[in-house]
Amino acid sequence: MTKVQDAVRQAPTRDRLPVAALVALFTAGFITTLTEALPAGVLPEMSRALGVSESVAGQTVTIYAVATMLTAIPVAVATTNWPRRHLLVVALVGFLVANLGTAVSVNYTITMVARFVAGAASGVTWSILGGYAQRIAPDALKGRAMAFAFAGTPVALALGVPIGAFLGQIVGWQVTFALMSVLSALLIVWALWKLPNVPGQKAAERLPLPHLLRIGGLRTILVVTGVYVLAHTILYTYIAPVLAGVGLADQVQWILLAFGIASILSIWLTGVFVDRHHRRLVILSTVFFAAAAVALTLWSGNVVVDYVAVTAWGLAFGGAATLFQGALMAASREHADAAQPLMVTMWNGGIGLGGLVGGILLAGLGSASLMVAVAVLVVLTVIVVVSARTHAFPAPHARS
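Residues numbered from 1 in each chain as written. Predicted model: local features only at pLDDT ≥ 70, side-chain atom pairs only at ≥ 80, totals over all residues. Heavy atoms only, no water.

(A) Here's a closer look at the overall build of the protein chain. In terms of regular secondary structure, the protein chain is built from 19 helices and 0 strands. Expected size for 400 residues packed as a compact globule is a radius of gyration near 21 Å; at 21 Å, the protein chain falls within 12% of this value. Dimensions of the protein chain, computed from the C-alpha atoms along their principal axes, are close to 75 × 50 × 40 Å. Out of the 400 residues in the protein chain, the part that is buried amounts to 53%. Counted over contacts in the protein chain with a minimum sequence separation of 6, partners at least 24 positions apart contribute 85%. Accessible area for the protein chain stands at about 17100 Å²; split by element, carbon and sulfur atoms hold 71% of it. Where the 22 positive side-chain charges of the protein chain centre and where its 12 negative ones centre are 11 Å apart. (Helix = DSSP H or I, 4+ residues; strand = E, 2+ residues; numbered from the N terminus. Rg over C-alpha atoms; globule rule 2.2 N^0.38 Å. Buried < 20%, exposed > 50% of the residue type's maximum accessible area, 1.4 Å probe, protein only. Contact = heavy atoms within 4.5 Å. Areas by Shrake-Rupley, 256 points an atom, 1.4 Å probe, with all protein chains shown as cover. Lys, Arg positive; Asp, Glu negative; His and termini not counted. Charge placed at Lys NZ, Arg CZ, Asp CG, Glu CD.)

(B) Structural context of the nonpolar core. Counting 109 residues, the largest nonpolar core has Leu25, Leu195, Phe289, Phe324, Val374 and Phe393 as the members making the most contacts within it. Lining this core are residues from two domains, each supplying at least three of them: domain 1 (19-206) and domain 2 (210-387). Apart from residues no more than four positions distant in its own chain, Phe324 is found in contact with Ile221, Val224, Thr225, Tyr228, Val282, Met343, Trp347 and Phe393. (Core = buried A, V, L, I, M, F, W, Y, C linked by side-chain atoms within 4.5 Å. Domains from an automatic or database assignment.)

(C) Focus on the side chain of Thr322. One can find Thr322 in helix H17 (residues 320-332). For Thr322, a relative accessible area of 0% gives the class buried.

(D) Examining the domain arrangement of the protein chain more closely. Domain annotation for the protein chain reports domain 1 (19-206) and domain 2 (210-387). Between domain 1 and domain 2, the C-alpha centre-to-centre distance is 21 Å. Between domain 1 and domain 2, the contact holds 32 residues from the first and 29 residues from the second. Here domain 1 and domain 2 share an interface that buries about 2400 Å² over both sides, 66% of which is from carbon and sulfur atoms. Our count for the domain 1 to domain 2 interface comes out at 0 salt bridges. Secondary structure elements with two or more residues in the side of domain 1 that touches domain 2: helix H5 (59-78), helix H7 (108-135), helix H8 (142-150) and helix H9 (152-171). Split by residue class, the side of domain 1 that touches domain 2 holds 17 nonpolar, 8 polar and 7 charged. (Buried area = accessible area lost by both parts, 1.4 Å probe. Salt bridge = Lys/Arg side-chain N within 4 Å of Asp/Glu carboxyl O. Nonpolar A, V, L, I, M, F, W, Y, C, P; charged D, E, K, R; others polar.)

(E) Focus on the confidence of the model for the protein chain. On average, residues of the protein chain score 82 in pLDDT, and 90% of them reach the 70 mark or higher. Mean pLDDT in the protein chain bottoms out at helix H1 (residues 2-10), which sits at 41, and peaks at helix H6 (residues 84-104), which reaches 95. Across residues 1-13, where pLDDT falls below 50, the model places 0 contacts with residues more than four positions away in sequence or in other chains. (pLDDT = per-residue confidence, 0-100.)

(F) Structural view of the packing of helix H2 (residues 19-41) against H9. For the pair H2 and H9, the least separation of the axes is 8 Å and the interaxial angle reads 45 degrees. In terms of their interaxial angle, H2 and H9 are classed as oblique. Classified by chirality, the crossing of H9 by H2 is right-handed. Touching Phe26, Gly29, Phe30, Thr33, Leu34, Ala37, Leu38 and Gly41 of H2 are Gly152, Thr153, Val155, Ala156, Leu157, Gly160, Val161, Gly164 and Ala165, all from H9. Partitioning the contact of H2 with H9 into residue classes produces 10 nonpolar, 7 polar and no charged. (Axes fitted to C-alpha atoms, helices over the stretch in contact; angles between N-to-C directions. Parallel < 35°, antiparallel > 145°, perpendicular 65-115°, else oblique. Left-handed = near helix turned anticlockwise from the far one by under 90°.)

(G) Up close: the environment of Ala320. Residue position: Ala320 is located in helix H17. Given a relative accessible area of 0%, Ala320 falls into the buried group. Beyond its immediate sequence surroundings of up to four residues, Ala320 is in contact with Tyr228, Ser285 and Trp347.

(H) Inspection of a nonpolar patch on the surface at higher detail. On the surface, Val294, Leu298, Trp299, Val372, Val376, Val379, Leu380 and Ile383 cluster together into a nonpolar patch covering about 710 Å² of accessible area. Sorting the residues of the nonpolar patch by element identifies helix H15 (278-299) and helix H19 (367-387) as the ones contributing at least two each. Among the elements that make up the nonpolar patch, the one with the highest residue count is H19 (5 residues). (Patch = residues over 30% accessible without salt bridge, like charges linked within 9 Å, V, L, I, M, F, W, Y side chains within 5 Å.)

(I) Representation of H15. Taking 1.5 Å per residue, 22 residues should reach 32 Å; H15 reaches 31 Å between its end C-alpha atoms and fits that length. Those residues of H15 that sit buried are Arg279, Leu281, Val282, Ser285, Thr286, Phe289, Ala290, Ala292, Ala293, Ala295 and Leu296. Residues of H15 that are buried in the fold lie against helix H12 (218-237), helix H14 (252-273), helix H16 (303-318), H17 and H19. (Expected span 1.5 Å × (residues − 1).)

(J) Spatial organisation of H16. Its 16 residues place the ends of H16 22 Å apart at the C-alpha level, agreeing with the 22 Å of an ideal helix rising 1.5 Å per residue. Taken as a whole, H16 has its buried residues at Asp306, Ala309, Val310, Ala312, Trp313, Gly314, Ala316, Phe317 and Gly318. With a side-chain oxygen lying 2.9 Å from the backbone nitrogen of Val304, the N-terminal cap of H16 falls on Asn302. (Polar contact = N/O pair within 3.5 Å; in protein donor to acceptor, adjacent residues only side chain to side chain.)

(K) Region of interest: the side chain of Ser184. Looking at the secondary structure, you find Ser184 in helix H10 (residues 173-194). Among residues more than four places away in sequence, those in contact with Ser184 are Ile31, Leu92, Phe95 and Leu96.

(L) Examining the environment of Leu256 more closely. Position of Leu256 among the secondary structure elements: in helix H14. In this structure the C-alpha to C-alpha distance between Leu256 and Ala240, which are 16 residues apart in sequence, comes to 9.5 Å. If near-sequence neighbours (up to four positions away) are discounted, Leu256 is found in contact with Tyr236 and Ile239.

(M) Region of the structure containing the packing of H8 against H9. Contact pair H8 / H9: the axes reach a minimum separation of 5 Å and the direction vectors enclose 30 degrees. It follows from the interaxial angle that H8 and H9 lie roughly parallel. In this structure, H8 contributes Phe148, Ala149 and Phe150 to the contact, and H9 contributes Gly152, Thr153 and Pro154. Of the residues assigned to the contact of H8 with H9, the class counts are 4 nonpolar, 2 polar and no charged.

Here it is in structure tokens:
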């Protein structure tokens, strides 16, 4: 009788999301993204305090992405058998120390060192976030759990950066970074309290990199991710000169707000439908982005077209991390923990390369060339995604 009662009590919770644990992962993603992007919102104040130009101060964003890209794979290999909660807490301590160091520093070199530490912590966080969310969720809700965890990114971009910029103007940019350290400290306590400590992977079970890359569909997923993020970064980084080039410089903040709101809506829709319609959502993400890029290439002087196109772009991008990470994990299966750092490296490689390529195009060929490049890149992702229906982005039941 006791066993029957236990079963009755447990049955309703079997397919429920572990919300308290996922809040910890959501906040970790929020901190990671906001720590990366916050200098963009307080750049003038930061550059004055550090005694450097705004372009030089902007390299605090670049070094963050570079650190993430360089450290993700080596750190993942070194910590492969660590329990996941222990590893996440170490990363959060890294954010706490790095953001506090940034807050109190008035020396550019020290600030760059702190930002490198933060970027390394980011590599750890992104390497485990998706896998962690899936491993603590019921089988039927793994995609939704991952979408919940990754929702911190669009929320940070849509709300966190503008709020951070506002606080930077009111109380100073140093206080804003200090508040990020406080948030990290609070999250450490919450994670230790609410996150189950799932085990890492035994070193003997970890596939070497060459063997990992032979897994069916894995290379395709990584390439599509890199190209998609490259295109997004070019457009997001240089949207202001693109709009200024057609006389709409005064619309930049409102157009980016439309992008942020659409991104938040996208992550919610992704969470609702990803477990049943993963391939369709990946196709929609690339198609919406491609349509937006083509529209902005041909009709960017029309403000209505701009708002519609940027909204479509936001809908495409908001759930992209969940969709590509989900595809990678489905393809790599039991080797997902080893494969995640490859995704982190490609994602941040796309970010770093996007800033570089966009700058070269803008300086050499003008703002119109940026949109042509973005459109070409995203149309290529559509073609690859639609074609890769067996392993990388399989139709339902295609993968055995």
